[in-house]
Amino acid sequence: MRIGALASGTGSVLEAILEDDLPVSVVVVDRPCGAEKVAERAKVPVERVLRTRFDRGFDRGGYTREVVDALERHRVEVVVMAGYGTVLGRAMHERYPGRVLNTHPALLPSFPGWHAVAEALAAGVKVTGCTVHVATPEVDAGPILAQEAVPVLEGDTEETLHERIKQVERRLYPRTVREFCGSLDGRDGHEGT
Ligand code: GRF
């Protein structure tokens, strides 16, 4: 199985995936970020498909095709988003139907979107968590594969709460990706990851 990881942030979830020895063939980033260093340390090739526009003029379709091309160059079969800051267009899901996974720092369907942790905190929930799901063209809405609850503690800030959630993601996401790939191996006629 050949996995392509997409990341934009510090890369701590990516690091957990790599430390779990999942077969990541390439890391694609949309901006200069810590995840690049994580990939380099693990000797995994990095493809920079830099996003230069964040306004309405952003060519999402064209950008998505560039990401798909980068993944195809590395013969990727499963895509794992690990804190990727760009919503990809339909071409991604057409090329990898049901094979794009994501981890989200809230208990979906509550608090979808990029500000999930801040919104959970603002809503005053006592429990939030994380969700590993199959990504679909609709953001944060695909079939749920795994979830785990995380308590919100007195005095939490967005940073402290997000870090507590990420500790769980770093354990839950690699395990769920491994199980998902295992279920595909049988279907694809492969014998290992
Ligand atoms: C994770 O909380 C993930 O759910 C979200 O972005 C975060 C990635 O963090 N989409 P890091 O860059 O891996 O530390």
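Residues numbered from 1 in each chain as written. Predicted model: local features only at pLDDT ≥ 70, side-chain atom pairs only at ≥ 80, totals over all residues. Heavy atoms only, no water.

Visitor: So what's going on with helix H3 (residues 60-73)? Which residues, and what values?
Guide: Between its first and last C-alpha, H3 extends 20 Å over 14 residues, near the 20 Å set by a 1.5 Å rise per residue. Among all positions of H3, only Gly62, Tyr63, Thr64, Val67, Val68, Ala70 and Leu71 are buried. Against the buried residues of H3 lie strand S1 (3-7), strand S2 (24-29), strand S3 (46-48), strand S4 (78-81) and helix H4 (90-95). Arg75 occupies a position one or two residues after H3 and carries a positive phi of about 50°. (Helix = DSSP H or I, 4+ residues; strand = E, 2+ residues; numbered from the N terminus. Expected span 1.5 Å × (residues − 1). Buried < 20%, exposed > 50% of the residue type's maximum accessible area, 1.4 Å probe, protein only. Contact = heavy atoms within 4.5 Å.)

Visitor: Provide a residue-level description of the pairing of S1, including the pertinent values.
Guide: In terms of burial, S1 is a largely internal element, five of the five residues being buried. Here five bridges tie S1 to S2, and the two strands are oriented parallel to one another. Among the inter-strand pairings, Ala5 is bridged to a residue of S2, identified as Val27. Read from S1 through helix H1 (residues 12-19) to S2, the crossover connection turns out right-handed. (Pairing = 2+ DSSP bridges. Right-handed = clockwise from strand over helix to strand, strands pointing away.)

Visitor: If you had to explain the sheet that holds strand S5 (residues 100-104) to someone new, which residues and values would you point to?
Guide: Taking strand neighbours across the sheet as the criterion, the seven strands line up as S3-S2-S1-S4-S5-S6-S7 in an open arrangement whose pairing is mixed. Both outer strands of the open sheet, S3 and strand S7 (144-151), are each paired with one neighbouring strand and no more. Ignoring which end each strand starts from, the neighbouring axes of this sheet average 20° apart. Contacts from helix H2 (residues 34-41) reach S1, S2 and S3, with the element oriented near 150° to S3. (Axes fitted to C-alpha atoms, helices over the stretch in contact; angles between N-to-C directions.)

Visitor: Now, about the site of the ligand: what can you tell me, with residues and values included?
Guide: Taken together, the neighbourhood of the ligand is formed by Gly9, Thr10, Gly11, Ser12, Val13, Gly83, Thr103, His104, Pro105, His162, Lys166 and Glu169. Taking His162, its side chain carries an N or O atom lying 2.7 Å from an oxygen atom of the ligand. Contact between the ligand and Glu169: an oxygen atom at 2.4 Å from a side-chain N or O atom of the residue. Its free accessible area being 370 Å², the ligand has 91% of it covered by the protein chains. Listing elements by their share of the shell around the ligand, those giving two or more residues are H1, S5 and helix H6 (158-188). Broken down by element, the shell around the ligand gets its largest block of residues, three residues, from H6. Of the residues assigned to the shell around the ligand, the class counts are two nonpolar, eight polar and two charged. (Near = heavy atom within 4 Å. Polar contact = N/O pair within 3.5 Å; in protein donor to acceptor, adjacent residues only side chain to side chain. Areas by Shrake-Rupley, 256 points an atom, 1.4 Å probe, with all protein chains shown as cover. Nonpolar A, V, L, I, M, F, W, Y, C, P; charged D, E, K, R; others polar.)

Visitor: Residues and numbers for the pairing of S5, please.
Guide: Most of S5 sits out of view: five of its five residues are buried. After leaving S4, the chain enters H4 and then returns to the sheet as S5, a path that is right-handed. Sheet topology note: the S5/strand S6 (residues 127-134) ladder contains four bridges and is antiparallel. If you follow Asn102 over to S6, its bridge partner there is His133.

Visitor: Describe in detail the nonpolar core, supporting the description with residues and values.
Guide: Within soluble globular proteins, side chains that are nonpolar tend to cluster in buried spots. Judged by nonpolar contacts, the single largest core of 37 residues is most densely connected at Ile3 and Val80. Apart from residues lying up to four places away in sequence, Ile3 is in contact with Leu22, Pro23, Val24, Ser25, Val26, Val76, Val78, Val80, Val177 and Cys181. By size, the runner-up hydrophobic cluster in this structure holds 19 residues, among which are Tyr63, Val68, Tyr84 and Val100. (Core = buried A, V, L, I, M, F, W, Y, C linked by side-chain atoms within 4.5 Å.)

Visitor: Lay out H2 in plain terms, naming residues and giving numbers.
Guide: Residues Ala35, Glu36, Val38 and Ala39 constitute the buried set of H2. Here the buried residues of H2 occupy an arc of 160° about the axis, which is enough to place them on one side. In this structure, the buried side of H2 is in contact with S1, H1, S2 and S3. The first or second residue beyond H2 is Lys43, which carries a positive phi of 60°. (Arc of directions from axis to C-beta.)

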